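Chain residues, written in single-letter form:
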Amino acid sequence: LPVNPGVFPAASPSSATAMTLPSSIISNGVLWRTISGQAMPATPSSLVEIMKREVLGGSTVSSGIVCVSERHDDFEHHKVQLKVLMTMRKILAEREQDVSKKLSIGMEMFQRRHQQYLDRYIDMPESYSIRDLQRDTNWDHTWGYDFLHYLPLLQFAQKRGVRVLGLHPSDDEVEYVQRHGLAGVGLTGGCTT
């Protein structure tokens, strides 16, 4: 169903009713709090609140995972991802924690087999460029969406020494699972036969 700006579909797809969202949600976007099952405006202050209380916890020891979804062709979604990373970095720095050791970015658009290139991009910015990364990961074949959408995230990681992890299985692994199911996939992610 098409959704009009500021209108959120009702919970039941068969229902003809919809609720109108407040203007703060329309202008800022929405954060979904999985702990409480509630949506809230994606303002900087609410993002900080969620990060401090629900992701990193009240102690000075930071642990937690933040998953920020996206529509691959929507640059606005990538801007939100960058804002989340910037907020995480700020909170970790306030807690006097080494951001490069406490923060990593998992990206499904890179295959696990590309990890050496991702590490080289982060660790050797003088000799390994973003174009080298794009070429060596065969971006246009393995992912294909606009590389420029991901550039701010990658530059953020490189500038701050934050490790980027390739999360996507290789084409061979995907094909293996399609033919044999998940039973033959080991805990380390590789196929066992």
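A quick note: this is a predicted structure, and the numbers were derived from the prediction, not measured. (Residues numbered from 1 in each chain as written. Predicted model: local features only at pLDDT ≥ 70, side-chain atom pairs only at ≥ 80, totals over all residues. Heavy atoms only, no water.)

A short note on the overall build of the protein chain
Consideration 1: Looking only at helices and strands, the protein chain has nine helices and six strands in total.
Consideration 2: Burial statistics for the protein chain: of 193 residues in total, 35% are counted as buried.
Consideration 3: Looking at the protein chain alone, contacts between residues at least 24 apart form 53% of all its contacts between residues at least 6 apart. (Helix = DSSP H or I, 4+ residues; strand = E, 2+ residues; numbered from the N terminus. Buried < 20%, exposed > 50% of the residue type's maximum accessible area, 1.4 Å probe, protein only. Contact = heavy atoms within 4.5 Å.)

As for the nonpolar core
Consideration 1: Among the nonpolar cores identified, the biggest contains 35 residues, and Met107, Phe110, Leu133 and Leu154 are the most heavily contacted of them.
Consideration 2: Of all elements in the fold, only α2 (44-55), α3 (75-94), β5 (104-111), α5 (115-123), α6 (130-136) and α8 (151-160) reach the threshold of two or more residues within this core.
Consideration 3: Sort the elements by how many residues they give to this core and α3 lands first, with six residues. (Core = buried A, V, L, I, M, F, W, Y, C linked by side-chain atoms within 4.5 Å.)

Focus on α3
It helps to recall that an α-helix has 3.6 residues per turn; residues three or four apart then point in one direction.
Consideration 1: For α3, which comprises 20 residues, the first-to-last C-alpha distance of 29 Å matches the rise-based estimate of 28 Å (1.5 Å per residue) to within 8%.
Consideration 2: What α3 keeps buried is the set His78, Gln81, Leu82, Val84, Leu85, Thr87, Met88, Ile91 and Leu92.
Consideration 3: Between the side-chain oxygen of the N-cap and the backbone nitrogen of Glu76 there are 2.9 Å, and the N-cap of α3 in question is Asp74.
Consideration 4: Downstream of α3 by one or two residues, Glu96 has phi in the positive range, about 55°. (Expected span 1.5 Å × (residues − 1). Polar contact = N/O pair within 3.5 Å; in protein donor to acceptor, adjacent residues only side chain to side chain.)

Quick look at the packing of aromatic side chains
Consideration 1: In the structure shown here, the tally under the stated rule is four aromatic pairs.
Consideration 2: Judged by centre distance (4.8 Å) and plane angle (85°), the rings of Trp139 and Phe147 are edge-to-face. Phe147 matches Trp139 in its accessibility class, with the two residues each being buried.
Consideration 3: Judged by centre distance (5.6 Å) and plane angle (55°), the ring pair of Trp143 and Tyr145 falls under tilted.
Consideration 4: Taken together through their ring pairs, the aromatic side chains of Phe110, Trp139, Phe147 and Tyr150 make up a single cluster.
Consideration 5: Arg120 extends its terminal NZ or CZ atom over the ring of Tyr128, reaching a point 5.1 Å from the ring centre. (Phe/Tyr/Trp six-rings, centres within 6.5 Å; stacked < 30°, edge-to-face > 60°. Lys NZ or Arg CZ within 6 Å of the ring centre and 35° of its normal.)

Overview of the confidence of the model for the protein chain
The predicted coordinates should not be examined in detail at positions where pLDDT is low.
Consideration 1: Per-residue confidence for the protein chain gives a mean pLDDT of 76, with 75% of residues at or over 70.
Consideration 2: Averaged pLDDT values over the elements of the protein chain bottom out at 33 in strand β1 (residues 7-9) and peak at 97 in α5. (pLDDT = per-residue confidence, 0-100.)

What to know about α8
Consideration 1: Of all the positions in α8, only Leu151, Leu153, Leu154, Phe156, Ala157 and Gln158 are classed as buried.
Consideration 2: The secondary structure elements touched by the buried residues of α8 are α3, β5, α5, α6 and β6 (163-168).
Consideration 3: Immediately beyond the C-terminal end of α8, within one or two residues, lies Gly161, with a positive phi of roughly 65°.

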